[in-house]
Amino acid sequence: MSEKIYTKNAPDAIGPYSQAVKSGNLLFTSGQIAINPATGNVDAQGIEAQTRQICENLKAVLAEAGCTLYNVIKNQANNMNDFAAFNAVYGEYFTNKPARSCVEVAKLPKGVLAEVEVIAEL
């Protein structure tokens, strides 16, 4: 049995999907982009600011499910153009160094520079 996770402290889903789904002792988030949940817009400019907003959005979804970034065991990031700058900010948030894959994509929603999804252990 799975449970949908929703928080107003992270952006609403742009399409027909959930912010996250809890199944057993795992949490699967949808990809988070740099939408400011307070405005519904992409306010952050540049890869560093967008990566911070993404991580803050992930923190909010994880908190709603009762966990933190430290519970993340795997994530996937979509940014290869500004990889060093992305990694610098990403490393500030993911100090537990979960497993990760990075995939280059041609385009992301709303023209953002990066997207990150995570799997966390509850």
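Above this text is the structure in question.
All figures in this text were calculated on a predicted structure; none of them were measured in a lab.

K.L.:
So what about unusual backbone geometry? Which residues, and what values?
P.N.:
Phi is mostly negative for residues that are not glycine, and the peptide bonds are mostly trans. Unlike most non-glycine residues, Lys-97 shows phi in positive territory, near 50 degrees. Along the polypeptide, Lys-97 turns up in the loop between α2 (83–93) and β5 (99–102). Lys-97 sits in the exposed class, given a relative accessible area of 71%. In this structure, Lys-110 takes a positive phi of about 60 degrees despite not being glycine. Residue position: Lys-110 is located in the loop between β5 and β6 (116–121).

K.L.:
With reference to specific residues and values, describe the environment of Glu-3.
P.N.:
Residue placement: Glu-3 occurs in strand β1 (residues 2–5). A relative accessible area of 42% means that Glu-3 is categorised as partly exposed. As a C-alpha pair, Glu-3 and Ala-20 span 17 residues in sequence and 8.5 Å in three-dimensional space. Residues in contact with Glu-3, not counting those within four places in the same chain, are Ala-20, Val-21 and Lys-22.

K.L.:
Break down the side chain of Gln-50 for me, citing the residues and quoting the values.
P.N.:
Position of Gln-50 relative to the elements: it lies in helix α1 (residues 47–64). In this structure, Gln-50 is in contact with Ala-34, Val-42, Ala-44, Val-112, Leu-113 and Ala-114, ignoring residues within four places of it in sequence.

K.L.:
So, the packing of aromatic side chains: which residues are in play, and what are the values?
P.N.:
Scanning the model with the defined rule gives two aromatic pairs in all. Consider the rings of Tyr-90 and Phe-94, whose centres lie 4.6 Å apart with planes at 25 degrees: the pair is stacked. Classification of Phe-94 as buried rests on a relative accessible area of 2%. Grouping aromatic residues by their ring pairs yields a cluster made of Phe-86, Tyr-90 and Phe-94. Cation over ring: Arg-100 sits above Tyr-90, and NZ or CZ is 4.4 Å from the ring centre.

Rules used throughout
- Per chain, the residues get numbers from 1 upward, laid out in the order the sequence is written.
- At least 70 in pLDDT is required for a residue's local features to be given in this predicted model, at least 80 for side-chain atom pairs to be given and counted, and no such filter applies to totals for whole chains, interfaces and linings, which use all residues.
- Side-chain metrics rest on all non-hydrogen atoms present in the structure, leaving aside hydrogens and water.
- Counting from the N terminus, the helices are the DSSP runs of H or I reaching at least four residues and the strands are the DSSP runs of E reaching at least two.
- To sort residues, take the accessible area from a 1.4 Å probe on protein chains only and compare it with the maximum for the residue type: under 20% means buried, over 50% means exposed, and anything in between is partly exposed.
- When checking whether two residues touch, look at their non-hydrogen atoms; a contact exists if any pair is within 4.5 Å.
- Under the pairing criterion, centres of Phe, Tyr and Trp rings, with the six-membered ring standing for Trp, must be within 6.5 Å; the plane angle then separates stacked pairs below 30 degrees from edge-to-face pairs above 60, leaving the rest tilted.
- Whether a charge lies above a ring is judged from NZ of Lys or CZ of Arg, which has to be within 6 Å of the ring centre and within 35 degrees of the ring normal.

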